[in-house]
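Report on the structure
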Amino acid sequence: MAKIKVTEEQQELIEKELRRGTNKSRISTLLDVDYDTGIEMIDYVKEDIRPDVGDRITFKFRDSDMAGTIIKLLTNSAVIDIYWELSDPSMKDITEDRTIVNFKDIIDFVEEPED
């Protein structure tokens, strides 16, 4: 497999769209590349992306799907305020309303829900 090349402009676009919660197919279209190439480019950028305070993310915690909002950044992790409406309800009994998530465990960035 050839090493994927991502320009600075493409990286900025991918980061912006991931933070907005744009799906991978749409990002590939915006990059004007086929889906498989787009996935490779997205995965390459996701390895180095550093989230921001206020980003809504999905992550795995003890093999359960969870979601939350970043309220504080640490060196390689973030303090997350769990959004229970999008998280595994079985975790509510064993998890506080806040947890720490390593950046490498972030699965995706999602859009803010409508209030």
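Residues numbered from 1 in each chain as written. Predicted model: local features only at pLDDT ≥ 70, side-chain atom pairs only at ≥ 80, totals over all residues. Heavy atoms only, no water.

1. With respect to the overall build of the protein
Within the protein one finds 3 helices and 5 strands. Along its sequence from the N terminus, the protein presents helices and strands in the succession α-α-α-β-β-β-β-β. A total of 115 residues make up the protein; the buried ones form 37% of that total. Considering only intrachain contacts with a sequence separation of at least 6, the fraction spanning at least 24 residues in the protein is 48%. Only carbon and sulfur atoms are counted for the fraction: they give 44% of the accessible area of the protein, which is about 7600 Å². Of the charged side chains in the protein, 16 are positive and 28 negative; the average position of the first set lies 3 Å away from that of the second. (Helix = DSSP H or I, 4+ residues; strand = E, 2+ residues; numbered from the N terminus. Buried < 20%, exposed > 50% of the residue type's maximum accessible area, 1.4 Å probe, protein only. Contact = heavy atoms within 4.5 Å. Areas by Shrake-Rupley, 256 points an atom, 1.4 Å probe, with all protein chains shown as cover. Lys, Arg positive; Asp, Glu negative; His and termini not counted. Charge placed at Lys NZ, Arg CZ, Asp CG, Glu CD.)

2. A look at the nonpolar core
It is characteristic of soluble globular proteins that their nonpolar side chains tend to be buried jointly. Formed by 23 residues in total, the largest nonpolar core has its most connected members in Ile14, Leu18, Ile57 and Ile80. Aside from chain neighbours lying at most four places away, what touches Ile80 is Ile57, Phe59, Gly68, Thr69, Ile70, Asp97, Arg98, Thr99 and Val101. (Core = buried A, V, L, I, M, F, W, Y, C linked by side-chain atoms within 4.5 Å.)

3. Concerning unusual backbone geometry
Excluding glycine, most residues fall at negative phi; most peptide bonds, likewise, are trans. One non-glycine residue, Asp32, lies in the positive phi region at around 60 degrees. Its place among the elements puts Asp32 in the loop between helix H2 (24–31) and helix H3 (35–48).

4. A closer look at the pattern of salt bridges
A complete count under the given rule lists 3 salt bridges for this structure. The partner of Asp65 in a salt bridge is Lys60, with the nearest N and O atoms 2.7 Å apart. Taking the shortest distance from any N to any O, the salt bridge between Lys104 and Asp105 comes out at 3.5 Å. (Salt bridge = Lys/Arg side-chain N within 4 Å of Asp/Glu carboxyl O.)

5. Remarks on the packing of H2 against H3
Where H2 contacts H3, the axes come no closer than 9 Å and their chain directions differ by 100 degrees. By the angle class used here, H2 and H3 are roughly perpendicular. Within the contact between the two elements, H2 uses Lys24, Ser25, Ile27, Ser28 and Leu31 and H3 uses Tyr35, Gly38, Ile39, Met41, Ile42 and Lys46. Of the residues that constitute the contact of H2 with H3, the class distribution is 6 nonpolar, 3 polar and 2 charged. (Axes fitted to C-alpha atoms, helices over the stretch in contact; angles between N-to-C directions. Parallel < 35°, antiparallel > 145°, perpendicular 65-115°, else oblique. Nonpolar A, V, L, I, M, F, W, Y, C, P; charged D, E, K, R; others polar.)

6. Examining the packing of helix H1 (residues 8–20) against H3
A pair of packed helices is captured by two measures, namely the crossing angle of their axes and the spacing between those axes. Running from N to C, H1 and H3 point in directions that differ by 80 degrees, and their axes come no closer than 10 Å. By the angle class used here, H1 and H3 are roughly perpendicular. Listed contacts from H3 to Gln10, Gln11, Ile14, Glu15 and Leu18 of H1 are Met41, Ile42, Val45 and Lys46. Considered class by class, the residues forming the contact of H1 with H3 number 5 nonpolar, 2 polar and 2 charged.

7. Describing the sheet that holds strand E5 (residues 106–109)
Pairing in this open sheet of 5 strands is antiparallel, and the strands run E4-E3-E2-E1-E5 from one edge to the other. Every other strand in the sheet has two partners, leaving strand E4 (98–102) and E5 as the edge strands with one partner each. In this sheet, adjacent strand axes meet at a mean angle of 45 degrees when their direction is disregarded. By the bridge criterion, 6 bridges tie strand E1 (residues 56–61) to strand E2 (residues 64–73) in an arrangement that is antiparallel. What sits directly across from Thr58, in E2, is Ala67. (Pairing = 2+ DSSP bridges.)

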